[in-house]
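Notes for the structure review
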Amino acid sequence: MWIVPEAAIGDLMDEGAAFDAVEAVFAAMAAGEAVNFPVVREAIGHAEALYGFKSGFDRAGLTLGVKSGGYWPGNAGQGIPNHQSSVFLFDPDTGRLKAVVGGNLLTALRTAAAAAVSIKHLARADAKVLGMVGAGHQSAFQLRAAARQRDFERVLGWNRSPEKLVRLEETAREIGLPFEAVELDRLGAEADVIATITSSFAPILMDAHVREGTHLACMGTDTVGKQEVEAAILGRAAVFTDEVAQSVTLGEAQHAVAEGLVAEAEVMPIGRVINADHPGRRSAGEITVFDGTGVGLQDLAVAAAVLERGIAAGIAVEVDF
Ligand code: NAD
């Protein structure tokens, strides 16, 4: 079996490879070729940790495995990230363990790749202004991945604590885009594409903020009760997601569905658009929302890609097991 250590991932993986892996697995999911198994997530009663598993099988890519890990709130005090995860890949023909791959950086890359896939397939082709809501750990990855999908001319950012926006300002500078910290009404009035990536439990972006033709990638809501945008936005939008079952129960769409503004049957897997089985955006004035809830198959897809690159580069470590 192979080991790809966390420290090696940064040199092996980039936004382009993560994008390709995630786009392919979303397509496989919508075609019924790839399945996510039920998620386990439990408070373990130790170190205030939340621990769980996300697993699945992609028959098209022959990727079988599990991401395991969770959230340890005390880690930051020890100088290590609170979110910790590792990916285990198995040989689908024999069940033997094939690889252990560091999952921390991959989680950020695969989450940003999901938003980028939605921008590629759903945003207006002439989108020029990128709006970012949230300036936490994930936000810089989101900005980098999103910026590759359109000829954006500038970036607008909002965060609950404005001083944290320096993270986005620096990232925008690195990729050569002007950045401006703004209030939400300006962000909504000027942005063509908006990515939200916060841990909010109440709507931040309101219906009145969002103009026609906007594409929103709502990436922060991955738990029952979380919410980033007012449900009415989804009510007047075409809603897409990675996994419908998650979207309507623990994703951004949970609120619009509960309020009767969106029917479960109206929430479309983004993979159908990738597979040209759904038109996606229907007009320049339509609002499109991608509810990115995060699925195990994304993790497995990027881990399989990094393993292939790690073996080719001689960086993956082979051990007898
Ligand atoms: P982080 O802790 O580094 O940053 C949190 C961000 O949320 C900050 O910008 C903070 O200002 C903002 N925030 C927190 N509470 C808020 C509130 N009440 N109102 C407004 N803003 C608030 O977290 P991160 O690693 O950047 O992750 C952000 C979110 O994305 C988390 O909730 C995480 O669970 C989620 N996430 C989702 C996926 C997915 O696949 N969908 C993957 C990874 C992370």
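Here's a quick rundown of the structure. These figures come from a predicted structure and were not determined experimentally.

1. A closer look at the pairing of strand S8 (residues 129-133)
Within S8, five of the five residues are buried, which leaves it mostly tucked inside the rest of the structure. Side chains Val129, Gly131 and Val133 of S8 all project onto a buried face; the interleaved residues Leu130 and Met132 project onto the opposite face, where all are buried too. Direction of pairing for S8 relative to strand S9 (residues 154-158): parallel, over a ladder of five bridges. Opposite Leu130, over in S9, you have Val155 as the bridge partner. Handedness of the crossover joining S8 and S9 through helix H4 (residues 137-147): right-handed. Note: S8 against strand S11 (residues 193-196), four bridges, orientation parallel. Looking across to S11, one finds that Leu130 is bridged to Val193.

2. Observations regarding the site of the ligand
As a matter of local geometry, the ligand sits amid 21 residues, with Arg110, His137, Asn159, Lys226 and Gly292 nearest to it. Here an oxygen atom of the ligand sits 2.9 Å away from a polar atom, N or O, in the main chain of Ala135. In the environment of the ligand, a nitrogen atom lies 3.3 Å from a nitrogen or oxygen atom belonging to the side chain of Arg160. In isolation the ligand exposes 850 Å². Once the protein is present, 80% of that is buried. Elements supplying a minimum of two residues to the shell around the ligand: helix H3 (104-122) and H4. A breakdown of the residues in the shell around the ligand according to their chemical character gives four nonpolar, 13 polar and four charged.

3. Re the side chain of Arg124
With respect to the helices and strands, Arg124 occurs in the loop between H3 and S8. Arg124 sits in the buried class, given a relative accessible area of 15%. A polar contact is formed between the side chain of Arg124 and the backbone oxygen of Gly213, at a distance of 3.0 Å. Dropping the residues within four chain positions of it, Arg124 is found in contact with Arg150, Asp192, Gly213, Thr214, Arg281 and Ala284.

4. Here's the deal with the sheet that holds S11
Sheet architecture is open: eight strands sit in the order S10-S9-S8-S11-S13-S17-S15-S16, paired in parallel fashion. The open sheet has two edge strands with one neighbour each: strand S10 (179-181) and strand S16 (268-269).

5. A look at the pattern of salt bridges
Applying the stated criterion to the full structure yields 15 salt bridges. Between Asp192 and Arg124 there is a salt bridge; the shortest N-O distance is 3.0 Å. Of the two residues, Asp192 is situated in the loop between helix H6 (184-190) and S11 and Arg124 in the loop between H3 and S8; the sequence distance between them amounts to 68 residues. The same class applies to Asp192 and to Arg124, which are both buried. Between Glu190 and Arg186 there is a salt bridge; the shortest N-O distance is 2.8 Å.

6. Describing the pairing of strand S5 (residues 63-71)
Among the nine residues in S5, seven count as buried, and that is most of the element. Pairing geometry for strand S4 (residues 50-58) and S5, over nine bridges, is antiparallel. Each residue of the ladder has a partner; that of Tyr51, found in S5, is Gly70. What sits between S4 and S5 in their antiparallel hairpin is a turn of four residues, with Leu62 showing a positive phi close to 50°. Two elements, S5 and strand S6 (residues 83-90), share eight bridges in a ladder whose sense is antiparallel. By the bridge assignment for S6, Leu64 is matched with Phe90.

Conventions adopted
- Residues numbered from 1 in each chain as written.
- Predicted model: local features only at pLDDT ≥ 70, side-chain atom pairs only at ≥ 80, totals over all residues.
- Heavy atoms only, no water.
- Buried < 20%, exposed > 50% of the residue type's maximum accessible area, 1.4 Å probe, protein only.
- Helix = DSSP H or I, 4+ residues; strand = E, 2+ residues; numbered from the N terminus.
- Pairing = 2+ DSSP bridges.
- Right-handed = clockwise from strand over helix to strand, strands pointing away.
- Near = heavy atom within 4 Å.
- Polar contact = N/O pair within 3.5 Å; in protein donor to acceptor, adjacent residues only side chain to side chain.
- Areas by Shrake-Rupley, 256 points an atom, 1.4 Å probe, with all protein chains shown as cover.
- Nonpolar A, V, L, I, M, F, W, Y, C, P; charged D, E, K, R; others polar.
- Contact = heavy atoms within 4.5 Å.
- Salt bridge = Lys/Arg side-chain N within 4 Å of Asp/Glu carboxyl O.

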